Amino acid sequence: MNKALLHPAAKPLVFLLCLLPFAWLVYGAFTDGLGANPAEHLIRATGDWTLRFICIVLAVTPLRVLARLQALARFRRMLGLFAYFYVVVHLLSYGWFDQGFDIAEIAADIVNRPFILVGFAAFLLLTPLAATSFNRAIKALGARRWQALHKLVYLIAGLGLLHFFWMREGKNDFAEVAVYAVIVALLLTWRVGYYFKKKQPKRASPAAGARGRSPAP
Ligand code: HEM
């Protein structure tokens, strides 16, 4: 599997797969295939895909470790940028079809509707992650600071869930929200466990003791 993931065609293929939902929506928009309320369909579908890509990005490390798929790491940046791509399309669809690009209306809506405010906060937090996903930025920030910044993705996932939950509250329909919440909770729990496992000091081997090395202070 690692071999297949390292194949030169793997990245372009994953890129096309990630673009497929967008292409499907564009096709639907031009063929009257988005149902009775195309604007709502577009906003909701791009919101769903943003959350899905955030979950996929969070799943990369667990899958890499548990399934020993080291090569998965080379797709993480692309997957993260697709999460950003879908949230930008989500925001633009909302701004255009819901608010007619009226900046004053949009600003008022962000302030007045808590679920929009939370979504907007998640978008704002996702922006520096997308902007620093390039090698130059990683070098400029340094690996430690870059890693600390990119841990924000867990907060973003939480805000995305809260945004979704709040939106569905009015309809009393939480089934899908619950599925995403369980996925994010499982991924976060695994990550916390992995963090502590990595932090544990490695036990000195008996062979080292036999050679008479003094223990670390
Ligand atoms: C990381 C950021 C975001 C995520 C993960 C996200 C996710 C979602 C999800 C999952 C839905 C529900 C889709 C469904 O019902 O199937 C949704 C709906 C929606 N979101 Fe977002 N969103 C984000 C940011 C934003 C932003 C920045 C705005 C606007 C400022 C926004 C505005 C909306 C609106 C207007 C709806 C539809 C409400 C309705 O149809 O009643 N979202 N979003």
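Read on for a plain summary of the structure. (Residues numbered from 1 in each chain as written. Predicted model: local features only at pLDDT ≥ 70, side-chain atom pairs only at ≥ 80, totals over all residues. Heavy atoms only, no water.)

Attention shifts here to the site of the ligand. As a matter of local geometry, the ligand sits amid 22 residues, with Arg44, Asp48, His90, His163 and Arg168 nearest to it. Between an oxygen atom of the ligand and a side-chain N or O atom of Arg44, the distance comes to 2.8 Å. Asp48 is positioned such that a nitrogen or oxygen atom in its side chain is 2.8 Å from an oxygen atom of the ligand. Of all the secondary-structure elements, those providing two or more residues to the shell around the ligand are α3 (38-66), α4 (76-98), α6 (114-131) and α9 (152-169). Of the residues contributing to the shell around the ligand, the split by class is 11 nonpolar, six polar and five charged. (Near = heavy atom within 4 Å. Polar contact = N/O pair within 3.5 Å; in protein donor to acceptor, adjacent residues only side chain to side chain. Helix = DSSP H or I, 4+ residues; strand = E, 2+ residues; numbered from the N terminus. Nonpolar A, V, L, I, M, F, W, Y, C, P; charged D, E, K, R; others polar.)

In an α-helix, one turn spans 3.6 residues, which is why side chains three or four residues apart end up on the same side. For α4, spanning 23 residues, the distance from its first C-alpha to its last is 32 Å, which sits close to the expected 33 Å at 1.5 Å a residue. Among the residues of α4, Met78, Leu79, Phe82, Ala83, Tyr84, Tyr86, Val87, Val89, His90, Ser93, Tyr94 and Gly95 are the ones counted as buried. In the core, the buried residues of α4 are packed alongside α2 (10-30), α3, α5 (103-112), α6 and α9. One or two residues past the end of α4 sits Gly100, with phi positive at roughly 60°. (Expected span 1.5 Å × (residues − 1). Buried < 20%, exposed > 50% of the residue type's maximum accessible area, 1.4 Å probe, protein only. Contact = heavy atoms within 4.5 Å.)

A separate point is the pattern of salt bridges. Considering all chains together, one arrives at four salt bridges under this definition. As a salt-bridge pair, Arg44 and Glu40 come within 3.7 Å of each other at their nearest N and O atoms. Placement of the pair is Arg44 and Glu40 together in helix α3, with a separation of four residues, close to one helical turn. Classification of Arg44 as partly exposed rests on a relative accessible area of 32%. A relative accessible area of 35% means that Glu40 is categorised as partly exposed. Its salt-bridge partner being Asp173, residue Arg168 comes within 3.3 Å of it at the nearest N-O pair. Owing to a relative accessible area of 33%, Asp173 belongs among the partly exposed residues under this scheme. Through salt bridges with shared partners, a single network forms among Arg168, Asp173 and Glu176. (Salt bridge = Lys/Arg side-chain N within 4 Å of Asp/Glu carboxyl O.)

This part covers unusual backbone geometry. Note: most residues except glycine have negative phi, and most peptide bonds are trans. The phi dihedral of Phe101 is positive, around 55°, even though this residue is not glycine. For Phe101, the location among the structural elements is in the loop between α4 and α5. With relative accessibility at 44%, the residue Phe101 sits in the partly exposed group. Here Asn172, not a glycine, exhibits a phi torsion of approximately 55°, which is positive. For Asn172, the position within the fold is in the loop between α9 and α10 (175-199). Asn172 sits in the exposed class, given a relative accessible area of 63%.

This part covers the packing of aromatic side chains. By the definition in use, this model includes 18 aromatic pairs. Judged by centre distance (5.4 Å) and plane angle (10°), the ring pair of Phe53 and Tyr86 falls under stacked. Note that Phe53 is positioned in helix α3 and Tyr86 in helix α4, a separation of 33 residues in sequence. Using a relative accessible area of 3% as the deciding quantity, one classes Phe53 as buried. Assessed through its relative accessible area of 0%, Tyr86 is described here as buried. (Phe/Tyr/Trp six-rings, centres within 6.5 Å; stacked < 30°, edge-to-face > 60°.)

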